[in-house]
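# Coordinate analysis (summary)
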Amino acid sequence: MRRNKAMNIRAAITSAVTFGIAAIALCCTSLASAVEPVQITDPYIEMHTGPGRGFPIFFVAPRSQWIGIELRHTDWYKVRTEDGKVGWVTRQQLESTLTDAGDQKTFRDMLLDDYLSRRVQMGAAWGQFKSEPMLKLWTSYRFSETLSAEGTLGQVQGVFSGTDFWHVNVLSEPWSDQRISPFFSIGLGKFKNIPNPSLVGAAQTDAQLANASVGVRYYLTDRFVLRGDYTFYTAFVADTRSLEYRAVTAGISFFF
């Protein structure tokens, strides 16, 4: 029993680590959310063949030329000139460029554009489900400024049983443009509790699941968001019987 529990916990940790590595890789090279042209105001900018100072400079774009930002890789941006030349430019050289409206387009603006126009988020969290360790993964799609649809997969490794569940929620985030943003959600799903084989007379439980959550998000940096939530679960195990659980989790997500 202990061996199976340890194997399940290791598998859950491995999944979380793999998720984190994938998140970091995706965030390090990401689409620029605002593909608007910007105008060079410095005497020139140096375009490299790749995202790093070790890559050679192959073209120098002069002042007053317009360029479009296509991709970001850490502090390097892939840009395209009016005549189709494509290269990589450091963040510092883009901080003094101007937009169509004649305003300065700072690097901070670019990050803020990413945050305000976010659509898809993926995240992982660890916490307690009825005082037992819980891991969950989620993906959400923001289809308006304040409403999102979110799907969650979760696993609980208890002393006497293991629980798997999933649910789909509608999430409301009234102040989604703020760095600190509370949210509320409700949803439906499925709940499966699998007791340890050593327990006499124990039976597997499959049930419909309803939940309601409150939580808060904090925009950390770049494309990363911290998240904490409190969730109330109701598992309908029979027509006249239900089980109630409470869970508290904290985690991190990224958006693109």
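Residues numbered from 1 in each chain as written. Predicted model: local features only at pLDDT ≥ 70, side-chain atom pairs only at ≥ 80, totals over all residues. Heavy atoms only, no water.

A volume near 320 Å³ is recorded for the largest pocket. In this structure, the largest pocket is lined by 14 residues; those nearest its centre are K130, E132, S161, N193 and Y245. At the level of elements, β11 (161-172), β12 (180-195) and β15 (241-255) are the ones that each hand at least two residues to the lining of the largest pocket. Ranked by residues supplied to the lining of the largest pocket, first place goes to β15 with three residues. For the lining of the largest pocket, a count of residues per class yields six nonpolar, five polar and three charged. (1 Å grid on protein atoms, 1.4 Å probe; cavity = no way out; pocket = protein on both sides within 12 Å on 5 of 7 lines; lining within 4 Å. Points joined across faces, edges and corners; volume = space filled by probe spheres on them. Helix = DSSP H or I, 4+ residues; strand = E, 2+ residues; numbered from the N terminus. Nonpolar A, V, L, I, M, F, W, Y, C, P; charged D, E, K, R; others polar.)

Time to look at the sheet that holds β11. Pairing within the closed barrel is antiparallel, and its eight strands lie in the order β8-β9-β10-β11-β12-β13-β14-β15. Each adjacent strand pair in this sheet contributes to an overall mean axis angle of 25 degrees, direction not counted. Where strand β8 (residues 120-129) meets strand β9 (residues 132-142), 10 bridges bridge the pair, whose relative direction is antiparallel. Considered in β9, the bridge of M122 is made with T139. (Pairing = 2+ DSSP bridges. Axes fitted to C-alpha atoms, helices over the stretch in contact; angles between N-to-C directions.)

Tallied over the full model, the rule gives nine salt bridges. Across the pair R91 and E95 runs a salt bridge whose closest N-O atoms are separated by 3.6 Å. One salt bridge in this structure joins E150 and R217, with 3.5 Å as the shortest N-O distance. Residue E150 is found in strand β10 (residues 147-157), and its partner R217 is found in strand β13 (residues 205-221); the two are separated by 67 residues along the sequence. We classify E150 as buried; its relative accessible area is 3%. (Salt bridge = Lys/Arg side-chain N within 4 Å of Asp/Glu carboxyl O. Buried < 20%, exposed > 50% of the residue type's maximum accessible area, 1.4 Å probe, protein only.)

The residue A250 is located in strand β15 in this model. Along the backbone, A250 and R227 are 23 residues apart, and their C-alpha atoms lie at a distance of 5.7 Å. Residues contacting A250, with those up to four places away along its chain left out, are A125, W126, R227 and G228. (Contact = heavy atoms within 4.5 Å.)

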